[in-house]
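Structural overview
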Amino acid sequence: MPFYYLDRTCGNTCWPCVISLVHYEASDRQRAVITLTEEGRKLTERSYPVLGTVAAGHPILAEGEIQRYVTRLEDVLDLKPGDFLLTVSGDSMIGAGIFDGDLVAIRPSQAEPLKGEIVLVLLPDASTATLKRWNRLNGVVSLHSENPAYAPIVVRATSVEIQGCLVGHVGTGRARKSMPLPPA
């Protein structure tokens, strides 16, 4: 017979209201099975509040209310089984907001990426991998960085192996250097 261990009140003033944290189930002569409920799991995970929306175009009303909590990467990135993370090394993608030490989420695929999509590719020289913007024209692939200090990598399309496409990235919280603003 299942039993819910209840130990936290929710602050209802009309009658006591309790939130179950642990689910306990046992039958005669069997081991007890104790599992955390969804509320119990929330208490054991570190979570971060999503406080609203910020404008990246026209200004919008700023709100300070908590909309939801984020506890896992799947809560903010569209991750699927088979996706993987890589640590970025270098500064060739800083124009896309991807900095040295950040984590990038990659969805494995050998399909032809869309023009301008950020992809993980194996290059023909010594099987090195790189993260760049994809462009293909007339059997030639050009891989563009997001930093003007790096020239595009141009190779024959038949010599490049696509490993996957960028799903998203997570900054590591290190101090960022800003790109200079263009003259007004």
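Described in the following lines is the structure provided in the data block. Numbering of residues starts from 1 in each chain and follows the order in which that chain's sequence is written. At least 70 in pLDDT is required for a residue's local features to be given in this predicted model, at least 80 for side-chain atom pairs to be given and counted, and no such filter applies to totals for whole chains, interfaces and linings, which use all residues. Side-chain measures here rest on the full set of heavy atoms in the structure, leaving out hydrogens and waters.

1. Topic: the pattern of salt bridges
What makes a salt bridge here is a side-chain nitrogen of Lys or Arg within 4 Å of a carboxyl oxygen of Asp or Glu, nothing more. Enumeration over the complete set of coordinates arrives at four salt bridges. Close ionic contact of Asp-78 with Lys-80 constitutes a salt bridge, the shortest N to O distance being 2.8 Å. Burial classes follow relative accessibility: with a 1.4 Å probe on protein chains only, a residue under 20% of its type's maximum area counts as buried, one over 50% as exposed, and anything between as partly exposed. The exposure class assigned to Asp-78 is partly exposed, which follows from its relative accessible area of 46%. Close ionic contact of Glu-146 with Arg-133 constitutes a salt bridge, the shortest N to O distance being 2.4 Å.

2. Considering the pairing of strand S9 (residues 129–137)
Paired strands, in this sense, are two strands between which DSSP finds at least two bridges. We count a stretch as a helix when DSSP gives it H or I for four or more residues in a row; a strand needs E for two or more, and each element gets its number in order from the N terminus. Two strands pair when backbone bridges link them, and strand S8 (residues 118–122) and S9 are joined in this way by five bridges, in the antiparallel orientation. Within S9, the position partnered with Val-119 by the bridge is Lys-132. Bridge analysis of S9 against strand S10 (residues 140–144) gives five bridges, and the strand direction is antiparallel. The residue of S10 that forms the bridge with Arg-136 is Val-141. In sequence, S9 turns back onto S10 through a hairpin of two residues, with Asn-138 there showing a positive phi of about 55°.

3. Concerning the environment of Met-93
Among the structural elements, Met-93 can be located in the loop between strand S6 (84–87) and strand S7 (103–108). Taking the C-alpha atoms as reference, Met-93 lies 4.4 Å from Glu-146; in sequence the two are 53 residues apart. Each residue touching Met-93, except ones within four places of it in the same chain, is listed here: Ile-98, Ile-118, Leu-131, Lys-132, Arg-133, His-144, Ser-145 and Glu-146. The contact definition used throughout considers only heavy atoms, calling two residues in contact when any of these lie within 4.5 Å.

4. Let's talk about the nonpolar core
Residues belong to a common nonpolar core when they are buried Ala, Val, Leu, Ile, Met, Phe, Trp, Tyr or Cys residues joined through side-chain atoms within 4.5 Å. Counting residues in hydrophobic clusters, the biggest one holds eleven residues: Val-119, Val-121, Leu-123, Trp-134, Val-141, Leu-143, Val-155, Ala-157, Val-160, Ile-162 and Cys-165. Those elements giving two or more residues to this core turn out to be S8, S10 and strand S12 (161–170). Leu-123 has contacts with Thr-128, Thr-130, Leu-143, Ile-153 and Ser-159, leaving out every residue within four places of it along the chain. Core analysis: the second largest hydrophobic core is formed by eight residues, Val-88, Ile-98, Ile-106 and Leu-131 among them.

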